[in-house]
Number of protein chains: 2
Amino acid sequence: MATILDVARLSGLSKTTVSRVINNHPYVSEEKKKQVLKAMKELGYTPNPSARRLRGQLTTTIGVIVPRIVNPFFSHLVNSIEQAAYKKGYQVLIFQSYEDKEKEIAFLNLLKTKQVDGVIMTSIENDWKMIESYKEYGPILLCNDYVNQTVAPMIRLDQSKGAYLGGKHLIDKGHQKIAYCTGGLFDEEGKGKDRNHGFQKALHEARIKINPKWIFVDQHTIADGKQVMKQILEMDDRPTAIFTGSDEVAGGIIIEAKEQGLAIPQDLAVVGFDDQPIAEILDPKLTTIRQPVDQMGEKSIQVMLNILDNPETEIKSYELPIELIVRQST
Amino acid sequence: MATILDVARLSGLSKTTVSRVINNHPYVSEEKKKQVLKAMKELGYTPNPSARRLRGQLTTTIGVIVPRIVNPFFSHLVNSIEQAAYKKGYQVLIFQSYEDKEKEIAFLNLLKTKQVDGVIMTSIENDWKMIESYKEYGPILLCNDYVNQTVAPMIRLDQSKGAYLGGKHLIDKGHQKIAYCTGGLFDEEGKGKDRNHGFQKALHEARIKINPKWIFVDQHTIADGKQVMKQILEMDDRPTAIFTGSDEVAGGIIIEAKEQGLAIPQDLAVVGFDDQPIAEILDPKLTTIRQPVDQMGEKSIQVMLNILDNPETEIKSYELPIELIVRQST
DNA sequence: TTGTAGGCGTTATCAT
DNA sequence: ATGATAACGCCTACAA
């Protein structure tokens, strides 16, 4: 592996001059610059990022933490972040936390050791206090997931509004018996509480009481959705509509419902969340809440680079529009 | 950021001793070991990977190149690779080439500069000759995509057989007018040629002539599939079945066909490729060729670590089983 | 069993 | 405009 010294030797100049050329510093004559460039090419020279980082340079790398990349919502989010970063000359390091606290911390350590200039977290596993302690090593930005106070720059969606829109839509369609399905819990304080609030608000406004039997928590996958549908089928008193926390769960519900001979939306209206590709693939096509993934990525990078450039930037929270997409499942 | 020197000072010992503790070397008394561990914890010390890499250590990091992570096939493949790597204490660096030659090379440079111990390529954009020149810096393993000679360890599937199975299945179902849809070209030598061969073989055996009008090249997405279906509908002489290069394209075809009032499989039988989650979501469920993603990841890591451990290992190619999954779309 | 010193490749500082 | 040198944090001969 060729080093800067090799280039220096071959071009008959000093390491310093070579370094100047590499980094586009001034005070290098055109002539010597050419010599250096030629030597670099001849040797197939590539600067060693480890040495650069060790030397304390910016890494032009941003870390992104997602729970799991196989979740289409996150793979699209990562993609949009990466695209935006690339345009600005930044690389992206993708890391899956698998919803594991320790893995999350392990990744945050990259910030400490200057492997990345900043970290974008699309989900939070540890307590914020734990994560906060890493802020001194570099900016941490929250995209998608968020905490309550504005303790870090956040790119967020009004999840509460999203759930409200979904619930309201079902009510407007004449439903009174509405089930609810979340990836989190139905606690006052747990994961997914904002969506819970929004949903509750919609029902409350219409003076509809929530039936606890129709609340399903910790549901994530297509398989989970099928399971939920099976449970519903066994009930004496069944809901006529269901609001879910993800398009995938909604998909599972629809598939299983059809399998069991139910008609969607006549026998059961279904609302998803995310507007993933699957929403248009399902038959009937899924009514869902659209999360503006591309904008989220774009904005995250914009804010992150801004902070990197100007560390004194005020910490702000940005809210992106979330909207209801009505299709055939309601 | 605390360094090894800080730990040494706090524990009243030398850098060497601290290093020994970090790396679990022998010849450290229990007592001093405890002191060191205590100091490390107190300072929140994390070794700096850049310094380690610069020093020429193994990085316990493996790079994976995929064309695009939003493609579910690749996100699942990456996932399985990462899972397998994690079990062995390795990290995975994910990189998207976006089917761009330069980006691919940029990533291969990480090998040169010892950022990763080895690279797993799930797709190849540049000529093999170009890529081969990076082999001197570390092992390059081909997983999924492959070249013709055994010039590198390869984990591959018999794509030709897969396409043959798909074509044969349609023929067995009584079809004579079979269309073909590929993500590559229909050349003798281009991308996707193995599948082309397999498909051609199946038809050839049944003495069916291929109708060039029914060949669609460079098709990748759901939108592409819809487009293909539209083209078919405009034909006077329509195929009664279609074999596609991906479940997504197949999905687009099915969605559009239903939209236009065609019945699947009565009016058009459809075979996909990959057996992605979407295959079971589609209605009717998709008959497709299953690629054993989990096994591919597992095997790739196994072979990679083996080579890392023992660089003289013979270069071999491993073939994993590919199979036809019959569902409702045929 | 423990410590000293040198070097990995780079860039910033300070000469010249 | 160019060059010598120190320093980033770590590991490992070598010495004690």
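Residues numbered from 1 in each chain as written. Chains lettered and ligands numbered in written order. Predicted model: local features only at pLDDT ≥ 70, side-chain atom pairs only at ≥ 80, totals over all residues. Heavy atoms only, no water.

Draft legend 1. Fine view of the sheet that holds strand β8 (residues 241-243) of chain B. All names here are of chain B. Spatially, β7-β6-β8-β9 is the arrangement adopted by the four strands of the open sheet, whose pairing is parallel. Strands with a single pairing partner mark the edges of an open sheet, and in this sheet they are β7 (215-216) and β9 (269-271). Sheet topology note: the β8/β9 ladder contains three bridges and is parallel. Following the sheet pairing, Phe243 is matched in β9 by Val271. Across the sheet, helix α9 (residues 193-205) is in contact with β6 (178-181) and β8; its angle to β6 comes to roughly 175 degrees. (Pairing = 2+ DSSP bridges. Helix = DSSP H or I, 4+ residues; strand = E, 2+ residues; numbered from the N terminus. Contact = heavy atoms within 4.5 Å. Axes fitted to C-alpha atoms, helices over the stretch in contact; angles between N-to-C directions.)

Draft legend 2. A look at the pattern of salt bridges. Applying the stated rule across the entire model yields 24 salt bridges over all chains. Between A:Lys135 and A:Glu132 there is a salt bridge; the shortest N-O distance is 3.9 Å. The partly exposed category is assigned to A:Lys135, whose relative accessible area is 29%. With a relative accessible area of 31%, A:Glu132 lands in the partly exposed category. Here B:Glu319 makes a salt bridge to B:Arg156, at a shortest N to O gap of 3.7 Å. Residue B:Glu319 is found in strand β11 (residues 317-320), and its partner B:Arg156 is found in strand β5 (residues 154-157); the two are separated by 163 residues along the sequence. On the basis of relative accessible area, B:Glu319 is assigned to the partly exposed category, the value being 48%. The buried category is assigned to B:Arg156, whose relative accessible area is 16%. (Salt bridge = Lys/Arg side-chain N within 4 Å of Asp/Glu carboxyl O. Buried < 20%, exposed > 50% of the residue type's maximum accessible area, 1.4 Å probe, protein only.)

Draft legend 3. Structural context of the protein's contact with DNA strand D. Taken together, 27 residues sit near DNA strand D, with A:Thr17, A:Tyr27, A:Lys32, B:Ile4 and B:Tyr45 positioned nearest. Each atom of DNA strand D within 4 Å of the protein belongs either to a base or to sugar and phosphate, the latter forming 62%. Side-chain polar atom of B:Ser19 to a phosphate oxygen of DNA strand D: 3.3 Å apart, as the coordinates give it. Broken down by secondary-structure element, the contributors of at least two residues to the surface near DNA strand D are α2 (15-22) of chain A together with α2 (15-22) and α4 (49-54) of chain B. (Near = heavy atom within 4 Å. Polar contact = N/O pair within 3.5 Å; in protein donor to acceptor, adjacent residues only side chain to side chain.)

Draft legend 4. Structural detail: the sheet that holds strand β3 (residues 118-121) of chain A. All names here are of chain A. Overall, parallel pairing links the six strands, which are arranged β2-β1-β3-β4-β5-β11 in an open sheet. In this open sheet, the two strands that pair with only one neighbour each are β2 (91-96) and β11 (317-320). Each strand axis lies, on average, 20 degrees off the axis of its neighbour in the sheet, ignoring direction. As paired elements, strand β1 (residues 61-66) and β2 share six bridges and run parallel to each other. Pairing of Ile62 across the sheet is with Val92, part of β2. Contacting β1, β2, β3 and β4 (140-143), helix α5 (residues 72-87) runs over the sheet at an angle of about 160 degrees to β2.

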